Amino acid sequence: MTTMVIVGAGQGLGAAVARQFGRDGFDLALVARDQDRVDTLAAALDKDGVTAQGFAADVRDPAGLEAALDAAAAALGPIEVLQYSPAPHADFMKPLLETSPADFTGPLEFSLYGAVTAVLAVLPDMRFLGRGTILFVNGGSAVRPLPARAGTSVAYAAESAYARMLHETLATEDIHVAQLIIPGVITPGHPSNDPATLAAALWAMHQDRTGFRHFAGVLEGEG
Ligand SMILES: NC(=O)c1ccc[n+]([C@@H]2O[C@H](COP(=O)([O-])OP(=O)(O)OC[C@H]3O[C@@H](n4cnc5c(N)ncnc54)[C@H](OP(=O)(O)O)[C@@H]3O)[C@@H](O)[C@H]2O)c1
């Protein structure tokens, strides 16, 4: 049994992905800022037969995030799958012309520096196992930047560039890196944006190990 860690695990996509990968044999490490919330989610998963444990960390605090990922691997075993999917903060989404240089700090700490910290923390486990999967999840502004959400748009572009370079760099080590773009809002019952449907798409990306960027549904103007 190996471990999947979800960095940014909440009741929406995080819970659905945890159930999907848990059903398919992974133990789950759930990372978010609020220990009570990840504990509650872990307890609900445990009830359904999925081994899960919560670890509190803020992705904007590199030392705290590293410590949480180390603790997760020590408690549950080596990490084979990382999903980086914290839900972005509302104050990252200011209009472009109201966004100062300082306003880009938070989004970049969140989307880029946190992602780099998480990847470097789990890479030794994946190399030890000889395989791994790293999944990035982003909204449509990663592909089509939105001036109304300048911080996340710029930071998602940086995260996407980092992820795409990882895809190429780690391919020879059987560490598959891929990105799921979710256009629109995650909505239970929606044909493409239902959490369980998205979780199944992420499972398929982990299994199929082809290509970098995948879309859940259609992003207007793309493809
Ligand atoms: N929701 C949407 O409509 C939508 C649309 C397109 C794309 N997405 C993507 O889907 C993913 C999120 O899915 P979701 O919205 O369903 O969320 P979710 O899995 O329900 O929860 C995400 C969790 O991220 C945690 N988080 C937020 N800031 C954090 C931080 N600084 N450090 C650590 N954890 C943090 C929050 O927990 P704490 O508050 O306890 O930290 C939250 O519960 C993201 O990758 C997002 O880009 C979402």
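About the criteria used
Residues numbered from 1 in each chain as written. Predicted model: local features only at pLDDT ≥ 70, side-chain atom pairs only at ≥ 80, totals over all residues. Heavy atoms only, no water. Core = buried A, V, L, I, M, F, W, Y, C linked by side-chain atoms within 4.5 Å. Buried < 20%, exposed > 50% of the residue type's maximum accessible area, 1.4 Å probe, protein only. Helix = DSSP H or I, 4+ residues; strand = E, 2+ residues; numbered from the N terminus. Contact = heavy atoms within 4.5 Å. Polar contact = N/O pair within 3.5 Å; in protein donor to acceptor, adjacent residues only side chain to side chain. Near = heavy atom within 4 Å. Areas by Shrake-Rupley, 256 points an atom, 1.4 Å probe, with all protein chains shown as cover. Nonpolar A, V, L, I, M, F, W, Y, C, P; charged D, E, K, R; others polar. Right-handed = clockwise from strand over helix to strand, strands pointing away. Pairing = 2+ DSSP bridges. Salt bridge = Lys/Arg side-chain N within 4 Å of Asp/Glu carboxyl O.

(A) Structural detail: the nonpolar core. In this structure, Val5, Val7, Leu82, Ile134 and Phe136 are the most contacted members of the largest nonpolar core, which totals 34 residues. Within the residue set of this core, elements represented by two or more residues are strand 1 (3-7), strand 2 (27-32), helix 3 (62-76), strand 4 (79-84), helix 4 (105-129), strand 5 (132-139), helix 5 (150-170) and strand 6 (175-182). If you tally residues by element for this core, the top one is helix 4, at eight residues. Contacts of valine 7, omitting those with residues within four sequence positions, involve Val31, Val59, Leu65, Leu69, Leu82, Gln83, Tyr84, Ser85 and Pro86. Within the second largest apolar cluster, 30 residues are counted, among which are Leu13, Phe26, Val50 and Trp203.

(B) Here's a closer look at the environment of valine 50. Tracing the backbone shows valine 50 in the loop between helix 2 (35-47) and strand 3 (52-56). Residue classification places valine 50 among the buried residues on the basis of a relative accessible area of 6%. Between the C-alpha atoms of valine 50 and glutamate 98, which are 48 residues apart in sequence, the distance is 45 Å.

(C) A look at the side chain of glutamine 20. With respect to the secondary-structure elements, glutamine 20 resides in helix 1 (residues 13-23). A residue is classified by how much of its surface remains accessible, and glutamine 20, at 10% relative accessible area, is buried. A distance of 3.0 Å separates a polar atom in the side chain of glutamine 20 from a polar atom in the side chain of aspartate 24. Those residues within four positions of glutamine 20 in sequence are excluded, and the remaining contacts are Ala199, Ala200 and Trp203.

(D) Focus on the site of the ligand. Neighbouring the ligand are 28 residues; Gly12, Leu13, Arg33, Arg37 and Ile186 lie closest to it. Separating an oxygen atom of the ligand from a backbone N or O atom of glutamine 11 is a distance of 3.3 Å. One of the backbone N or O atoms of alanine 87 is found 3.2 Å from an oxygen atom in the ligand. When the free accessible area of the ligand is taken as 890 Å², the share hidden by the protein chains comes to 85%. Of all the secondary structure elements, the ones that give two or more residues to the shell around the ligand are helix 1 and strand 5. Looking at which element gives the most residues to the shell around the ligand, the answer is strand 5, with three residues. Class assignment of the residues belonging to the shell around the ligand gives a composition of 14 nonpolar, 10 polar and four charged.

(E) Quick look at the pairing of strand 2. Of all the six residues making up strand 2, five are buried; the element is thus mostly covered by neighbouring parts of the structure. Handedness of the β-α-β unit built from strand 1, helix 1 and strand 2 comes out right-handed. In the sheet, strand 2 pairs with strand 3 via five bridges, with the strands oriented parallel. Note that in strand 3 the partner of leucine 28 across the bridge is alanine 52. For the handedness criterion, the β-α-β arrangement of strand 2, helix 2 and strand 3 is classed as right-handed.

(F) Representation of the pattern of salt bridges within the structure. For the coordinates displayed, the defined rule picks out seven salt bridges. Where aspartate 103 meets lysine 94, a salt bridge forms, and the shortest distance between an N and an O atom there is 3.1 Å. For lysine 94, a relative accessible area of 32% corresponds to the partly exposed category.

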